[in-house]
Amino acid sequence: MTNAMTARAEKAVPRHPLWVRLTHWVNTGAFLALLVSGLAILLALPRLFWGETGANDAPAWIVLPLPVNLEQTGWGRNLHFLAAWIFVLNGALYGLVALASGHLLRRLTPDRDQLHPRHIAADIRVHWRLTGSGAAGADRYNVLQKLAYLAVILVLAPVMLLSGLTMSPGVTAAYPELFTLFGGRQSARTIHFLSAAGLVGFLLIHVWQVLANGPLDLMRGMITGRSARPKSGPAAPEEDPR
Amino acid sequence: MSDLTRRRLMLGSSAMGVGGLLGGCELIENGPRRPGLYGLSDTLTLATQRLLLRDQPLVREFGPEAISAVFPTINTTDPDNPDYRRSKASGFSDWRLPVSGLVERPAAFTLAALRAMPARTQVTLHSCEQGWSAIGGWTGVPLSHVLASVGLKPEARFIVIRTVDGWWDSYDLFDALHPQTILAYGMNGGALPVAHGAPVRLRVERQLGYKSLKYLASIEATDRVDGLGQGRGSMVSEMGFSWYAGI
């Protein structure tokens, strides 16, 4: 090992545990596969409806400006369900470890000082400049980041899964309550699309934040688990509230 | 429901139980085969749905007021088949539905014979894999009744259905004997329109629309489907779709 490499290795601090990195990248692959195959399925009927029914000749809520393509549905469905199984099993693994290890409470739940309106307002101002949030140190996520992660994990992903299952005639034979929950099969389809759009929005901001905040080091942290970033970043906590 | 039907339902569901889950791709003995990762995810999906549906629940049924004004018709809407055209011209009076294979008393039923059997009317949601859905009212005879009247042999495991426009599909007894699996000759209070599969179509309510074949030509009971065609269990499977279409 050269001196320079030794120096770099010494400066590196632990950033992400192995299970976070593993589930993150499996999730990345599954999500992109779901996105592409979901679009392929959508192209058979790029119209959205509310309620139970909807078809080409029925009035639509929104007609998406997409080319109609009936030929892609077969592989689209196959890839969608394979990726959905990976997404669900990987998500279940993540959820269990995140809960059991305290990761959900320690890393993802905003600290008391972060929930102060002044702190949140300051964080929004930092993000608003679009120059990057100055990503907090390896020890703590910023409050908007935490809220975004929690929204994805606790709201968008479950809504995605349940609205997808509401389109299944088999699952709803066993659980017709799903129709009540989403207001019908076509409502579930529309909500499935809207929450997918929400996840794409999250992905765009997520990637932009990486690019704007030292992408090489952040990628290194998410791949090798270690990062050169100092323990306390620019938005370090002032004081331990305890 | 006859004793035979109940016994079949139990056989069907126990075969799908723990043993099936452990068997992976052997989930259904002598059932359709699909290699690769898609086959694996199909098997996971089927195993999960069989677990959720182990008590054979019925799908939701609506009142007649829920029937959709728009009910699309896709694929064949008027079979280009000389025999069919002749039969249609005679009001399907010469139409016959042969039921053969692993049955005690092979028979060919006329439309009048099916109409004379116990009827079931169900207003249900039809879900297409393309994304559209519509509510229709269907009247017909439960497939389980037709199969009981010809007497399924104990070794029968699958029902293979062929249509006048050349489609075919197969169903294991878990779905074939379900009370809402009917041979429908009526739609929304009238006769079944030609565009919707006249004179008789299948309704398999817990699967997607493509499993509900139109223009039925024959019914056959078999003990295996892995030797039919490419071994995938249906024509749509050979086109790349799932044999089991519960989602």
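Residue positions are counted from 1 within each chain, in the order its sequence is given. Going through the entries in the order they are written, you letter the chains from A and number the ligands from 1. The predicted origin of the model limits local features to residues at a pLDDT of at least 70 and limits the giving and counting of side-chain atom pairs to 80 or more, whereas totals for whole chains, interfaces and linings rest on all residues. Side-chain figures throughout are based on the complete set of non-hydrogen atoms in the structure, without hydrogens or water.

## Quick look at the overall build of chain B
At step 1: Every helix listed is a DSSP run of H or I at least four residues long, and every strand listed is a run of E at least two residues long, numbered separately from the N terminus. Helices and strands together make up the secondary structure of chain B, namely eight helices and 10 strands.
At step 2: The buried label applies to any residue whose accessible area, calculated with a 1.4 Å probe on protein chains only, is under 20% of its type's maximum; exposed applies above 50%, and partly exposed to all values in between. A burial count over chain B gives 55% of its 247 residues as buried.
At step 3: Sequence separation of at least 24 residues holds for 70% of the intrachain contacts in chain B that already meet a minimum separation of 6.
At step 4: Put simply, chain B shows about 9,800 Å² of open surface, and 56% of that area lies on carbon and sulfur atoms. Contacts are assigned to residue pairs with any non-hydrogen atoms lying within 4.5 Å of each other. Each accessible area is a Shrake-Rupley estimate made with a 1.4 Å probe; only the visible protein chains count as cover when residues are assessed.

## Re the layout of surface pockets
At step 1: A 1.4 Å probe that fits into a set of points on a 1 Å grid over the protein atoms alone but cannot get out defines a cavity; an open set with protein on both sides within 12 Å along at least five of seven lines defines a pocket, and lining residues are those with an atom within 4 Å of a point. Grid points are joined across faces, edges and corners, and a volume is the space filled by probe spheres set on the points. Quantified by volume, the second largest pocket comes out at close to 1,100 Å³.
At step 2: Contributing to the lining of the second largest pocket are 39 residues, with His80(A), Phe81(A), Gly164(A), Met167(A) and His192(A) lying nearest its centre.
At step 3: Going through the elements one at a time, helix H2 (18–42), helix H3 (73–100), helix H6 (143–165) and helix H9 (185–212) of chain A together with helix H3 (36–52) of chain B are the ones with two or more residues in the lining of the second largest pocket.
At step 4: The dominant element in the lining of the second largest pocket, judged by the number of residues it contributes, is H9(A), at eight residues.
At step 5: Three categories are distinguished: nonpolar for Ala, Val, Leu, Ile, Met, Phe, Trp, Tyr, Cys and Pro, charged for Asp, Glu, Lys and Arg, and polar for the others, with Gly belonging to the last. A per-class count over the lining of the second largest pocket returns 25 nonpolar, 10 polar and four charged.

## Digging into the pattern of salt bridges
Residues and elements named next belong to chain B.
At step 1: Any Lys or Arg side-chain nitrogen located within 4 Å of an Asp or Glu carboxyl oxygen qualifies as a salt bridge. Throughout the structure, instances matching the rule amount to 16 salt bridges over all chains.
At step 2: Ionic pairing is found between glutamate 61 and arginine 120, a salt bridge with its closest N-O pair at 2.9 Å. Here arginine 120 lies in strand E3 (residues 120–127) and glutamate 61 lies in the loop between H3 and helix H4 (82–89), a separation of 59 residues in the sequence.
At step 3: Between aspartate 169 and lysine 211 there is a salt bridge, with the nearest N and O atoms lying 2.7 Å from each other. One end of the pair, aspartate 169, is in strand E6 (residues 168–172); the other, lysine 211, is in the loop between strand E9 (201–203) and strand E10 (216–222), and 42 residues separate them in sequence. For the pair formed by aspartate 169 and lysine 211, the shared burial category is buried.

## Some remarks on a nonpolar patch on the surface
Residue and element names in this part refer to chain A.
At step 1: Residues qualify for a patch when their relative accessible area is over 30% and they have no salt bridge, like charges being joined within 9 Å and the nonpolar side chains of Val, Leu, Ile, Met, Phe, Trp and Tyr within 5 Å. A contiguous nonpolar patch, built from Trp50, Trp61, Ile62 and Leu194 and spanning about 370 Å² of accessible area, is present on the exposed surface.
At step 2: By secondary structure assignment, the location of leucine 194 is in helix H9.
At step 3: Judged by its relative accessible area of 38%, leucine 194 is partly exposed.

## A look at the packing of aromatic side chains
What characterises a pair of aromatic rings is the spacing of the ring centres plus the angle enclosed by the ring planes.
At step 1: The aromatic pairing rule takes the rings of Phe, Tyr and Trp, using the six-membered ring of Trp, and pairs them if the centres are within 6.5 Å, calling planes under 30 degrees apart stacked, those over 60 edge-to-face and the rest tilted. One pass over the structure, following the stated rule, counts nine aromatic pairs over all chains.
At step 2: On the basis of an interplanar angle of 65 degrees and a centroid distance of 5.1 Å, the ring pair of Trp50(A) and Trp61(A) is categorised as edge-to-face. In this pair, Trp50(A) sits in the loop between strand E2 (47–48) and strand E3 (62–63) while Trp61(A) sits in the loop between E2 and E3, placing the two residues 11 residues apart along the sequence.
At step 3: Residue Trp50(A) is classed as partly exposed on the basis of its relative accessible area, which comes to 41%.
At step 4: Judged by its relative accessible area of 42%, Trp61(A) falls in the partly exposed class.
At step 5: Measuring from centroid to centroid gives 5.6 Å for Tyr84(B) and Tyr215(B), while their planes differ by 85 degrees, and the two rings are edge-to-face. With a gap of 131 residues between them, Tyr84(B) in helix H4 and Tyr215(B) in the loop between E9 and E10 connect regions that are remote in the sequence. There is no split in this pair, since Tyr84(B) and Tyr215(B) are both buried.
At step 6: What links up through ring pairs into an aromatic cluster is the set Tyr141(A), Tyr149(A) and Phe202(A).
At step 7: Note on geometry: a ring has a charge over it if NZ (lysine) or CZ (arginine) is within 6 Å of the ring centre and within 35 degrees of the ring normal. The lysine or arginine in question, Arg107(A), covers the ring of Tyr141(A), its NZ or CZ lying 4.5 Å from the ring centre.
At step 8: The aromatic ring of Phe179(A) is capped on one face by Arg60(B), whose charged end is 3.6 Å from the ring centroid.

## A short note on the side chain of Lys211(B)
Residues and elements named next belong to chain B.
At step 1: A residue is classified by how much of its surface remains accessible, and lysine 211, at 1% relative accessible area, is buried.
At step 2: A distance of 2.7 Å separates a polar atom in the side chain of lysine 211 from a polar atom in the side chain of aspartate 169.
At step 3: Pairs of N or O atoms within 3.5 Å make up the polar contacts considered here, provided that, within protein, one atom can donate a hydrogen while the other can accept it, and that residues adjacent in sequence are counted only when both atoms are side-chain atoms. Reaching out from lysine 211, the side chain makes a polar contact with the backbone oxygen of serine 170 at a distance of 3.3 Å.
At step 4: Leave out the neighbours within four places in its chain, and lysine 211 touches Asp169, Ser170, Tyr171, Leu202, Val204, Trp243 and Ala245.

## A closer look at the packing of H6(A) against H9(A)
Residue and element names in this part refer to chain A.
At step 1: The angle between two axes is taken between their N-to-C directions and runs from 0 to 180 degrees, where each axis is a line fitted to C-alpha atoms and a helix contributes only its stretch in contact. The contact between H6 and H9 brings their axes to 9 Å, and the two run at 150 degrees. Taken together, the axes of H6 and H9 lie roughly antiparallel to each other. At the point where H6 passes H9, the crossing takes the left-handed sense. Contact residues: H6 offers Ala148, Tyr149, Val152, Leu156, Val159, Met160, Ser163 and Gly164, while H9 offers Ala188, Ile191, His192, Ser195, Ala196, Gly198, Leu199, Phe202 and His206.
At step 2: The residue inventory of the contact of H6 with H9, partitioned by class, reads 11 nonpolar, six polar and no charged. Angles are sorted into four bins: roughly parallel if under 35 degrees, roughly antiparallel if over 145, roughly perpendicular if 65 to 115, and oblique for all others. Crossings are assigned a handedness: left-handed for a near helix turned anticlockwise from the far helix by less than a right angle, right-handed for a clockwise turn.

## Describing the interface of chain B and chain A
At step 1: Contacts between the two partners involve 38 residues from chain B and, on the opposite side, 31 residues from chain A.
At step 2: Counting across the interface, chain B meets chain A through one salt bridge.
At step 3: For Glu52(A), the salt bridge goes to Arg60(B), with nearest N and O atoms at 2.7 Å.
At step 4: Seen at the junction of chain B and chain A, the total is 15 residue pairs in polar contact (both at pLDDT 80 or more).
At step 5: Listed by contribution, the elements that provide at least two residues to the side of chain B that touches chain A are H3, E3 and strand E4 (133–142) of chain B.
At step 6: The residue makeup of the side of chain B that touches chain A, split by class, is 20 nonpolar, 13 polar and five charged.

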